[in-house]
Amino acid sequence: MMQPFIKLNTLVQALLGLAVSLVVVVGVVLFVSVSGVQLPNLSQGVQEEAVAEVEIPFLKALADPASLWRAPDFALIDQEPNAAELHYGKDLVANTAEYLGPKGKVRSMSNGMNCQNCHLQAGTAPFGNNYGAVAATYPKFRARSGTEEDIQKRINDCFERSLNGKALERDSKEMKAMVAYINWVGKDVPKGEVPTGSGIYEVPLLDRAADPAKGKIVYDTQCASCHQADGKGMAKPDGTGYVYPPLWGEASYNHGAGLYRLSRFAGYVKANMPLGATFESPLLSDEEAWDVAAYVNSMERPKKDLAKDWPDISKKPMDHPFGPFSDGFSEQQHKFGPFKPIKAAKSSSK
Ligand code: HEC
Ligand code: HEC
């Protein structure tokens, strides 16, 4: 019999409670507005967060185009006293296989790839692994060899690793032309300067290891149409080179090459692949770039004797995947990450 009364009582109590809390809230709001206390603008923060979530980060340009180094106009080559040599050097970079590939008309000493496959637009594309910094920074000490390297040595590094081939004679017509051309590309850069947009884009590090299984999905959907499901690319019918260069297998770069380092591969593809992507309109998210790098660099490729590399092991980059290391991290972590702890350990030991 007491039930309805109790319910009414509870209701009244609840209403009273509500009224009291309302008064308190109104009071606080009034106090804040009268006293001029600055509270953080909550609603604005929430709004910004929501916008950030909706925004598609990988459609954002990686850099302001106006801030970047640009190569001199190719048309200006003709004004140079050594124009013929410069044209030859450019052609050797763009069509390396035609001259120096397996069926090369000068010599057979490399795997059929062109320098330009990785150094886009003959080494002039912003963030396309261009040669903008070379003239200004070589000769320089490189920790990989532990020696002072000139441009000839650096070019031969790519012949022996990226093109899995032999070194080109230093005094050959071809070497001289390539050096002349690469120096011409960077001729306006002040000595010692590394211009913005030269070389390879640095993709922000992930908090996790790059994942080859996720990378396979990226590869199958966004890369295989050109580079083929087996990674072997598509050779030209006459065998003088590639329409789509290989990403793994016998005819690809060997495991001593720059692209075998995950950060180099991720940075190259982030700003340039799938074909049509640029630093201004990238097509892969950071995660996709790291993951597809992990997938491609998990596949079989030619080996190279690396015994003489990194004579000072403490200078090995975070993503050099072969021990011994001066830190306590495994080969696995040096290959796939997460790289942040390795980087942090490196900077604290300096
Ligand atoms: C499979 C890809 C690939 C191919 C093919 C390739 N390279 Fe490279 N090259 C790289 C990578 C990766 C780097 C290192 C870039 C970095 O670490 O920022 C590099 C670096 C260089 C550098 C030094 C750039 C600098 O700023 O220090 C030169 C010079 C160079 N390559 C010349 C050549 C020449 C000439 C050829 C053709 C004979 C060639 N490369 C073919 C991938 C390639
Ligand atoms: C529409 C065709 C196409 C697609 C799709 C494509 N690529 Fe490429 N890729 C090319 C071509 C062409 C080149 C050589 C560019 C040149 O020589 O100017 C290249 C070059 C490369 C290179 C350097 C050369 C080598 O063989 O090592 C890498 C690495 C690469 N692509 C990775 C990728 C990845 C990863 C994807 C997918 C995210 C991808 N590509 C999607 C056409 C394509």
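To be clear, the structure that these remarks concern was listed above.
Cut-offs and rules
Residues numbered from 1 in each chain as written. Chains lettered and ligands numbered in written order. Predicted model: local features only at pLDDT ≥ 70, side-chain atom pairs only at ≥ 80, totals over all residues. Core = buried A, V, L, I, M, F, W, Y, C linked by C-beta atoms within 7 Å. Buried ≥ 20, exposed ≤ 12 C-beta atoms within 10 Å, placed from the backbone. Helix = DSSP H or I, 4+ residues; strand = E, 2+ residues; numbered from the N terminus. Domains from an automatic or database assignment. Near = placed C-beta within 6 Å. Nonpolar A, V, L, I, M, F, W, Y, C, P; charged D, E, K, R; others polar. Axes fitted to C-alpha atoms, helices over the stretch in contact; angles between N-to-C directions. Parallel < 35°, antiparallel > 145°, perpendicular 65-115°, else oblique. Contact = placed C-beta atoms within 7 Å.

Student: What is the right way to read the nonpolar core from this model?
Tutor: A general trend in soluble globular proteins is that nonpolar side chains are found buried together. Of all hydrophobic cores here, the largest spans 59 residues; its most connected members are Met 178, Val 269, Val 292 and Ala 293. Contributions of two or more residues to this core are made by α3 (83-94), α4 (96-100), α5 (115-118), α8 (151-160), α9 (173-185), α10 (212-222), α12 (262-272) and α13 (286-296). With 8 residues, the single largest contributor to this core is α9. Split by domain, the residues of this core number at least three in each of domain 1 (70-185) and domain 2 (212-348).

Student: Is there a simple way to explain the site of ligand 1 in this structure?
Tutor: Looking at ligand 1, there are 27 residues lining it, with Cys 115, Cys 118, Cys 158, Ser 162 and Gly 258 nearest. Only α5, α8 and α9 provide two or more residues apiece to the shell around ligand 1. Each residue belonging to the shell around ligand 1 can be placed in one class, and the counts come to 18 nonpolar, 7 polar and 2 charged. Both domains that furnish three or more residues to the shell around ligand 1 are identified here as domain 1 (70-185) and domain 2 (212-348).

Student: Would you explain the packing of α3 against α9 in this entry?
Tutor: Packed helix pairs are characterised by how far apart their axes lie and by the angle those axes make with each other. Where α3 contacts α9, the axes come no closer than 7 Å and their chain directions differ by 95°. Between α3 and α9, the interaxial angle falls into the category roughly perpendicular. Every residue of α9 that contacts α3 at Glu 85, Leu 86, Tyr 88, Gly 89, Lys 90, Leu 92 and Val 93 is listed here: Glu 174, Lys 176, Ala 177, Met 178, Ala 180, Tyr 181 and Trp 184. For the contact of α3 with α9, the class distribution of residues is 9 nonpolar, 1 polar and 4 charged.

Student: Sorry, what's going on with the environment of Leu 68 here?
Tutor: Relative to the elements of secondary structure, Leu 68 occurs in the loop between α2 (42-54) and α3. Owing to 17 C-beta atoms within 10 Å, Leu 68 belongs among the partly exposed residues under this scheme. C-alpha of Leu 68 to C-alpha of Gly 197: the two residues are 129 residues apart in sequence and 5.2 Å apart in space. Beyond its immediate sequence surroundings of up to four residues, Leu 68 is in contact with Ala 63, Pro 126, Thr 196 and Gly 197.

Student: Any chance you could explain the site of ligand 2 here in plain terms?
Tutor: With respect to spatial proximity, 24 residues lie near ligand 2, and among them Cys 223, Cys 226, Pro 245, Met 273 and Pro 274 are the closest. When contributions to the shell around ligand 2 are tallied by element, the ones reaching two or more residues are α5, α10, α11 (224-227) and α12. Looking at the shell around ligand 2 residue by residue, the class counts come to 18 nonpolar, 6 polar and no charged. When residues are assigned to domains, the shell around ligand 2 turns out to be shared by domain 1 (70-185) and domain 2 (212-348), each giving three or more.

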